[in-house]
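Residues per chain, in single letters:
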Amino acid sequence: MEIRQLQYFLMLCNELHFSEAAYKLGISQPTLSQQIRVMEDELGVPLFDRIGKKTVKTEAGKLLESYALNIVQQLENAKKAVSDLTNLDAGQLRVAVLPSDLDYRLTSLLVDFHRELPNTKVQVIPSINISNKVLNNEVDIGVGLAIQSDPRLTRIPFYTESYSLYVNKEHLLAAQDIILPEQLLEIPFVMFPKGFYGRDLIDTWCKEQEISIHTIMETGSVTSLFQLVTEGIGATIQPSQLIESFHSMNICAIPIKHSPTRELEIFYRNDRYLSRAAKVFMKRLELFF
């Protein structure tokens, strides 16, 4: 059985449609069908059932799929390990991060990383489905909120982050040392839309505190939120560390009593080879935060 045949088999497992799988593989449908028959003849069992126009995996097909995924992944790991050894870090690193507030803070880290590994191409991909991107091998590592335990993933907690109230420096509350949750009731807010991690976290915290906040404007950009705060349109609740990036915008951060917090993690697939570039990035991320 050849690696090429396993790759054909896995594409068909994914598409469950011979013509679609053949198209994505860049081969003809008869060629794909012939290669699958060769595999079935070698194993002595059918891998797919053809029911009318539908294609479904047999139990043997499902079993082979789990082994084939591992084989193909190990081959990719071997290629990357050899490339690490011989190409002076000339590969690429793909990192999925939370959109807006987290990816905004990575610029200085990326500058330092480039100085250490100038030959490594880096892609930072904002996403709200980070774990799925990691599990689907769309990225090498993910950086985001703590996730539920998954035996396929290695998780490294690296930062616990509190939230603060951000207001214009001319705001009536700007001189306070700390804000009580009940003081948030009468403040107009500019916030992320519902469905954003940061907004959902705040809404959950508000329910726990038995309060609700009134939003007058919503945007998915943290930069625009702080510009709105600067113009006195409203206040916002964001991670406390963000003040370091926006301290020049005539705004201030006030700690909130019993503040919302979030746990940040790095995670990657257990069966994936971690390049030197990935290890360097992860170490720099921990030190940076």
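Given the structure is predicted, the values throughout are model-derived calculations rather than measurements. (Residues numbered from 1 in each chain as written. Predicted model: local features only at pLDDT ≥ 70, side-chain atom pairs only at ≥ 80, totals over all residues. Heavy atoms only, no water.)

> Explanation requested: the packing of aromatic side chains in the structure shown.
Where two aromatic rings form a pair, the distance of their centres and the angle of their planes describe that pair. Counted under the stated rule, the structure contains seven aromatic pairs. Taking 5.4 Å as the distance between ring centres and 10 degrees as the angle between the ring planes, the aromatic pair formed by Phe-192 and Phe-196 counts as stacked. Ring geometry for Phe-288 and Phe-289: centres 5.2 Å apart, planes at 80 degrees, overall edge-to-face. We classify Phe-288 as partly exposed; its relative accessible area is 30%. On the accessibility criterion, Phe-289 (14% relative accessible area) is buried. (Phe/Tyr/Trp six-rings, centres within 6.5 Å; stacked < 30°, edge-to-face > 60°. Buried < 20%, exposed > 50% of the residue type's maximum accessible area, 1.4 Å probe, protein only.)

> Any chance you could explain helix α1 (residues 3-15) here in plain terms?
Residues lying three or four places apart along an α-helix face the same way, a consequence of the helix completing one turn every 3.6 residues. Under the 1.5 Å per step criterion, the end-to-end length of α1 is 18 Å for 13 residues, consistent within 8% with the ideal 18 Å. Of all the positions in α1, only Gln-5, Leu-6, Tyr-8, Phe-9, Leu-10, Leu-12 and Cys-13 are classed as buried. Positive backbone phi, approximately 50 degrees, marks Leu-16, located one or two places after α1. (Helix = DSSP H or I, 4+ residues; strand = E, 2+ residues; numbered from the N terminus. Expected span 1.5 Å × (residues − 1).)

> How should the pattern of salt bridges be read in this particular structure?
Where charged atoms from two side chains of opposite charge come close, those side chains can pair. One pass over the structure, following the stated rule, counts 17 salt bridges. Of the charged contacts, one joins Glu-59 and Lys-62 as a salt bridge, the two residues approaching to 3.5 Å between their closest N and O atoms. Of this pair, Glu-59 and Lys-62 both sit in helix α4 (residues 59-86), separated by three residues, roughly a single helical turn. Classification of Glu-59 as exposed rests on a relative accessible area of 61%. Glu-116 is the partner of Arg-284 in a salt bridge, and the nearest nitrogen-oxygen pair spans 2.9 Å. In this pair, Arg-284 is assigned in helix α11 (residues 276-288) and Glu-116 in helix α6 (residues 107-116), connecting sequence segments 168 residues apart. According to the relative accessible area criterion, Glu-116 is partly exposed, its value standing at 36%. It is possible to trace a salt-bridge network through shared partners that takes in Lys-194, Arg-199, Asp-203 and Glu-218. (Salt bridge = Lys/Arg side-chain N within 4 Å of Asp/Glu carboxyl O.)

> Could you clarify how one ought to interpret the confidence of the model for the chain in this entry?
Low pLDDT means the predicted coordinates in that region are not meant to be read closely. Residue-level pLDDT values for the chain average 90, and 97% of them are 70 or greater. Ranking the elements of the chain by mean pLDDT puts helix α5 (residues 101-104) last, at 67, and strand β7 (residues 188-191) first, at 96. (pLDDT = per-residue confidence, 0-100.)

> I would appreciate a short explanation of unusual backbone geometry in the present structure.
Leaving glycine out, the prevailing phi sign among residues is negative, and the prevailing peptide bond configuration is trans. Positive phi outside glycine occurs at Leu-16, with the angle close to 50 degrees. For Leu-16, the position within the fold is in the loop between α1 and α2 (18-25). With a relative accessible area of 30%, Leu-16 lands in the partly exposed category. Although it is not a glycine, Asn-250 sits at a positive phi angle of roughly 65 degrees.

> Sorry, what's going on with a nonpolar patch on the surface here?
A grouping of Ile-3, Leu-63, Tyr-67 and Ile-71 is seen on the molecular surface, where their side chains present a nonpolar patch of about 380 Å² in accessible area. Among the structural elements, Leu-63 can be located in helix α4. (Patch = residues over 30% accessible without salt bridge, like charges linked within 9 Å, V, L, I, M, F, W, Y side chains within 5 Å. Areas by Shrake-Rupley, 256 points an atom, 1.4 Å probe, with all protein chains shown as cover.)

> What's the story with the pairing of strand β5 (residues 141-145) in this structure? I'm lost.
For a regular strand, side-chain orientation follows a simple rule: the groups alternate between the two sheet faces. Burial within β5 is extensive, with five of its five residues counted as buried. Here strand β3 (residues 92-97) runs beside β5; their pairing, made up of three bridges, is parallel. Looking at the pairing, Val-97 lines up with Val-143 of β5. When β5 meets strand β11 (residues 261-269), the two strands line up antiparallel, connected through four bridges. Considered in β11, the bridge of Gly-144 is made with Glu-265. (Pairing = 2+ DSSP bridges.)

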